[in-house]
Amino acid sequence: MNRQLVALLVLGTLSAVACGKRRNLRNEVVECSSISLDAKGTTQCLVQLYRWKVADAQKAATARMHELDSLKASREDSVWQLDAARHNRDFQNCRKTPDQVTNCLLVAGWPLSRVRTTAESLWTADLPEHRRELQACMRKRDMNLSSCLTLYYKWDSERALLTADSVARARLGGVPQRH
């Protein structure tokens, strides 16, 4: 009976040790992502440090990067909302100025990603007007299309150049226009 008791104790101890050493895959992914800049680095860390299969490491690293991006975006949105009233004032003041809204918002301290999103939203809201401007400039055969859009209608030069290029390609090869 003592032998059986000793055997059970040894078996129990080995089981406890084995369970205690069970790998925590989540911790491995978190650790590797904390020392890596991107999914590729996290993948390499998991493969080299923890002997993961490459496909599994890539999948886990990509999922972790998405998770971190979501957390970052959520934090940024929360911080942004704390100053929502100020941001609204900035936006209203910048809409009144003759300067481009983009430059005004950047000077007000807005992050570039929010400035771009806001500018694109404003552009989309005025799309029918922009189409009329484009059509008016297209009727002026003696003037460069992008110059017309920039000079007469105050289009951003990059957008005007891209639009003129798109129109030229459409005229040459029947490629659909994008404005």
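Each chain carries its own residue numbering, running from 1 in the direction its sequence is written. In keeping with the predicted nature of the model, local features appear solely for residues at pLDDT of at least 70, side-chain atom pairs appear and are counted solely at 80 or more, and the whole-chain, interface and lining totals rest on all residues. Side-chain measures were taken over the full set of non-hydrogen atoms in the model, leaving aside hydrogen atoms and water.

Observations regarding the state of the cysteines
- The term disulfide is used for any two cysteine sulfur atoms that are within 2.5 Å. This structure, assessed with the given rule, holds three disulfides.
- Each disulfide pairs two cysteine sulfurs, and for C32 the partner residue is C45, the sulfurs being separated by 2.1 Å. Disulfide C32-C45: the torsion about the S-S bond is -65°, which places it as left-handed. Taken together, the positions of C32 in helix α2 (residues 25-34) and C45 in helix α3 (residues 39-50) put the pair 13 residues apart, joining distant regions of the chain.
- Think of it in three bands: with a 1.4 Å probe and only protein chains considered, a residue is buried below 20% of the maximum accessible area for its type, exposed above 50%, and partly exposed in between. What makes C32 buried here is its relative accessible area of 0%.
- The residue that forms a disulfide with C137 is C148, at a sulfur-sulfur distance of 2.0 Å. The sign of the -75° torsion about the S-S bond sets the C137-C148 disulfide as left-handed. Residue C137 is located in helix α8 (residues 127-139), and its partner C148 is located in helix α9 (residues 145-153); the two are separated by 11 residues in the primary sequence.
- On the accessibility criterion, C137 (1% relative accessible area) is buried.
- For the chain, the disulfide bridges join cysteines in the arrangement 1-2, 3-4, 5-6, where the cysteines are counted in sequence order. Secondary structure elements follow DSSP: runs of H or I no shorter than four residues count as helices, runs of E no shorter than two count as strands, and numbering proceeds from the N terminus.

Remarks on helix α7 (residues 112-125)
- The terminal C-alpha atoms of α7 lie 20 Å apart, and with 14 residues this matches the ideal 20 Å at 1.5 Å per residue to within 8%.
- Every buried residue of α7 is accounted for by V115, T118, L122 and W123. Buried residues along α7 cover an arc of 135° about the axis, so they all sit on one side. The exposed residues of α7 that point more than 90 degrees off its buried face are S113, R116 and T117.
- The contact definition used throughout considers only heavy atoms, calling two residues in contact when any of these lie within 4.5 Å. Its buried side turned inward, α7 meets α5 (84-96), α6 (101-107), α8 and α10 (157-173). Given the number of residues in a helix, its expected span is that number minus one, multiplied by 1.5 Å. Working definition: the arc comes from the directions between the helix axis and the C-beta atoms, pointing outward to the latter.

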